[in-house]
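Chain by chain, the residues run as shown.
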Amino acid sequence: MDIKVFGVGCPRCHQLLMEVINALAELDLEADVDMVDNSQVIKSLKITSLPAIVINGKVKTAGKIPTRQEIKKLILEETQT
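This text gives an overview of the structure that appears in the document. Residue indices follow the written sequence of each chain, beginning from 1 at its first position. With the structure being a predicted model, the display of local features is reserved for residues of pLDDT at least 70 and the display and counting of side-chain atom pairs for 80 or more, all residues being used for whole-chain, interface and lining totals. Excluded from the side-chain calculations are hydrogens and water; all other atoms, namely the structure's heavy atoms, are used.

1. Here's the deal with the nonpolar core
Generally speaking, nonpolar side chains in soluble globular proteins are found buried as a group. With twelve residues, the main nonpolar core is built from Ile3, Val5, Leu16, Leu17, Val20, Ala23, Leu24, Ile53, Ile55, Ile71, Leu74 and Ile75. Note on conventions: DSSP H or I runs of at least 4 residues are helices, E runs of at least 2 residues are strands, and numbering of each starts at the N terminus. Looking at this core, the elements with two or more residues in it are β1 (2-6), α1 (11-27), β3 (52-55) and α3 (68-79). Sort the elements by how many residues they give to this core and α1 lands first, with five residues. In what follows, residue pairs with any heavy atoms lying within 4.5 Å of each other are defined as contacts. Setting aside its immediate chain neighbours within four residues, Ile75 contacts Met1, Ile3, Ala23, Leu24, Leu27, Leu29 and Ile55. In terms of nonpolar packing, the next biggest core, distinct from the first, is built from six residues, Phe6, Val36, Ala52 and Val54 among them. The set of buried Ala, Val, Leu, Ile, Met, Phe, Trp, Tyr and Cys residues whose side-chain atoms join them within 4.5 Å is what this entry labels a nonpolar core. Exposed residues in this analysis have more than 50% of their type's maximum accessible area, buried residues have under 20%, and partly exposed residues fall in between, with area computed by a 1.4 Å probe over protein chains only.

As structure tokens, then:
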């Protein structure tokens, strides 16, 4: 599984990255997790609000920090597809 957190390096973006990492740990799942702050990549995915979570190339959330429970649900949905 490939998870990317998109942001500009602000505290909210780093908070979201940590929530994703903690959610994976609680689920006992492994994934490649990266922080992306490249504006060209962000534009190419048509992400209009930050921070955002992209799982396996699909934009899952944008413009908010979902709860850890919500993040876990998004991750589990991707493991079932």
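2. What to know about unusual backbone geometry
Omega for the bond connecting Leu50 with Pro51 falls within 30 degrees of zero, at 0°, which places this linkage in the cis form. Mapped onto the fold, Pro51 is located in the loop between α2 (39-44) and β3. Positive phi outside glycine occurs at Asp28, with the angle close to 55°. Along the chain, the position of Asp28 falls in the loop between α1 and β2 (32-36). Since its relative accessible area comes to 71%, Asp28 is described here as exposed.

3. Digging into the environment of Lys4
Locating Lys4 in the fold gives a position in strand β1. Take Lys4: its relative accessible area is 24%, and that puts it in the partly exposed class. Taking the C-alpha atoms as reference points, Lys4 and Lys64, 60 residues apart in sequence, are found 15 Å from one another. Non-local contacts of Lys4, meaning those with residues more than four positions away in its chain, are made with Asp34, Val36, Ala52, Ile53 and Val54. There is a polar contact of 3.3 Å between the side chain of Lys4 and the side chain of Asp2. Any pair of nitrogen or oxygen atoms within 3.5 Å is treated as a polar contact; in protein, a donor-acceptor pairing is required on top of that, and neighbouring residues in sequence qualify only through side-chain atoms on both sides.

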